[in-house]
Protein chains: 2
Amino acid sequence: MKLTIIGVGLIGGSIALKLREKHFVDYIYGVDYSEQHLREAKELEIIDEASPLENAVKNSDLIIVAIPVDSAKKNLESVLALINDQQTVMDVGSTKSGIVQAANLHKNRNRFVAFHPMWGTENSGPKSAISDSFTGRAGVICDKEDSAPDALKMVEQVAEHLEMNLLYMDAESHDVHTAYISHISHITSYALANTVLEKEREEDTIFQLASSGFSSTVRLAKSHPEMWVPIFRQNKENVLDVLNEHITQLRKFKSALEKDNYEYLEELIRNANKIRGILK
Amino acid sequence: MKLTIIGVGLIGGSIALKLREKHFVDYIYGVDYSEQHLREAKELEIIDEASPLENAVKNSDLIIVAIPVDSAKKNLESVLALINDQQTVMDVGSTKSGIVQAANLHKNRNRFVAFHPMWGTENSGPKSAISDSFTGRAGVICDKEDSAPDALKMVEQVAEHLEMNLLYMDAESHDVHTAYISHISHITSYALANTVLEKEREEDTIFQLASSGFSSTVRLAKSHPEMWVPIFRQNKENVLDVLNEHITQLRKFKSALEKDNYEYLEELIRNANKIRGILK
């Protein structure tokens, strides 16, 4: 089977590595605006051939759109216009309502499957790709009833070869849940980094004192704006809703401290500890 | 050499394991109000003997106070009252001004060394103890000029056997820096957990969708109030100062989104990305 990866970065690269390793695909075209990424992807045997979009898409059974969500939305139309009813297109974006709306306008809508593999790191580019990244993670297929059965089955097989736990939901629910579970984590982490950078002018001290706790909460703050600005933009309403709630929760800690109300502070912490039972 | 560990939990237990492994100590007394923790510590060979405070302290060359910072402050006086000028007392608390103030009132002040090993996990109790925990982490000695040279040297040797990178600063600076680097991370993590628990009523969905990013930012929210309420209480002013700044930083993200000002959003993220260069 032949595969096109549009965007040979962290996610696209990791998927390509795994699908080749599992012999699910035997030839991979790479499409990317970055010549350097294409070169690196070839060297790392992520792709067999760097190719212009049209040639790659026309020759592939499966096309995976793995670029930032704003570009993916724009790009999808050209890809759907190039394919026939034997081919399948999927995306891997962190927001789903936007791309599904774009797909819904197209006559080839049913060849598209909206997919979100719930994995990522703060790194980017083909050099960051890791073949086993997805094992045991959640993979979400959205609005499955709008995809042709054979296209859906193709993406289910991809998820299976990536060793992901499949979930199904509608695109709008997906965007609500990921605002809580993923997008807000990135904002708090960015804001935490900015707080420390603002208050702690002695960079050496940050570096020397940084504990594992700090590194772990601030890790996501290394994530690039090219990926995250479009996500926040597409999921603006949900993200704002959760962000407002988060500021409210922080104000409770502030109020407990200001009023020396340590019983309340303890109650807030005990409530947060419940996450232990949920996350294992 | 004989050692007393007051508080055979995560930190006290981990130190005991490592110092025994390195043959720095050959007999360890455990003091704890929890009979169960003492039993577990004995089974795990963290301690040789569970003992009442007075017996343990009188028979030890080194006494390590490894209990929550409010109890440590109270406890220190009784310990210092029991020792002679050949013995050394150190603590391992996450705040330093409070305990140093308590020590300063005592005639045996110079037998005490204020120490903070910058490591911890969200777990507690002797079963969580890990001997190699401290390797490569920062270990901070505060107000070293107030400790006798031989007591200071003893604690420097402890840090060396724990394989920590030693830093020296005054207690007040320590508490300012740790508010930025460690304490605020815990508050944001608690508040994030409370946000998700408030907004996301479907616990199954949290569990199924939780990405590695979410787990990593929310990990600290599992930390117990017994340890953290006293830390926030003792470091109240610094923590409030950083918390206010953090809320200000979050409001900038809110404002950028509300106003669809994506250039500003990108600028905020690019600034946060600078943490990459500092943290490696």
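Here the structure is a predicted model, which means the values were calculated and not measured.

A. Representation of the sheet that holds strand β6 (residues 112-117) of chain B. All names here are of chain B. One open sheet accounts for eight strands, arranged β3-β2-β1-β4-β5-β6-β7-β8; its pairing is mixed. If you trace the sheet from one side to the other, it starts and ends with β3 (49-50) and β8 (165-169), each paired once. In this sheet, β6 lies alongside strand β5 (residues 88-91) in parallel orientation, the contact comprising two bridges. What sits directly across from V89, in β6, is F112.

B. Quick peek at the interface of chain B and chain A. In this assembly, 91 residues from chain B lie in contact with 91 residues from chain A. Across the interface of chain B and chain A, roughly 8700 Å² is buried in total on both sides, 68% from carbon and sulfur atoms. If you sort the residues of chain B by the area they bury against chain A, I181(B), L209(B) and I278(B) come out on top, with a joint share of 8%. There are four salt bridges connecting chain B and chain A. When the shortest N-O distance is used, the salt bridge between E226(A) and R270(B) registers 3.0 Å. Counting every contact that joins chain B to chain A gives 26 residue pairs in polar contact (both at pLDDT 80 or more). At 19 residues, helix α7 (residues 171-199) of chain B tops the list of elements feeding residues into the side of chain B that touches chain A.

C. Quick peek at the packing of aromatic side chains. Under the counting rule described, the total for this entry stands at 10 aromatic pairs over all chains. Plain terms: the ring middles of W119(A) and F134(A) are 5.4 Å apart, the flat faces sit at 70° to each other, and that makes the pair edge-to-face. Here W119(A) is found in the loop between β6 (112-117) and β7 (138-142), whereas its partner F134(A) is found in the loop between β6 and β7, with 15 residues between them in sequence. Exposure remark for F134(A): the relative accessible area of 0% places this residue in the buried category. On the numbers, 6.2 Å between centres and 10° between planes, the contact of Y190(A) with F253(B) is stacked. Of this pair, Y190(A) sits in helix α7 (residues 171-199) while F253(B) sits in helix α11 (residues 236-258), which puts the two residues in different chains. Through a chain of ring-to-ring contacts, three or more aromatic side chains come together here, namely Y190(A), W228(A), F232(A) and F253(B). Positioned above the aromatic ring of Y168(A) is the side chain of K144(A), whose terminal nitrogen or guanidinium carbon lies 4.5 Å from the ring centre.

Cut-offs applied
Residues numbered from 1 in each chain as written. Chains lettered and ligands numbered in written order. Predicted model: local features only at pLDDT ≥ 70, side-chain atom pairs only at ≥ 80, totals over all residues. Heavy atoms only, no water. Pairing = 2+ DSSP bridges. Helix = DSSP H or I, 4+ residues; strand = E, 2+ residues; numbered from the N terminus. Contact = heavy atoms within 4.5 Å. Buried area = accessible area lost by both parts, 1.4 Å probe. Salt bridge = Lys/Arg side-chain N within 4 Å of Asp/Glu carboxyl O. Polar contact = N/O pair within 3.5 Å; in protein donor to acceptor, adjacent residues only side chain to side chain. Phe/Tyr/Trp six-rings, centres within 6.5 Å; stacked < 30°, edge-to-face > 60°. Buried < 20%, exposed > 50% of the residue type's maximum accessible area, 1.4 Å probe, protein only. Lys NZ or Arg CZ within 6 Å of the ring centre and 35° of its normal.

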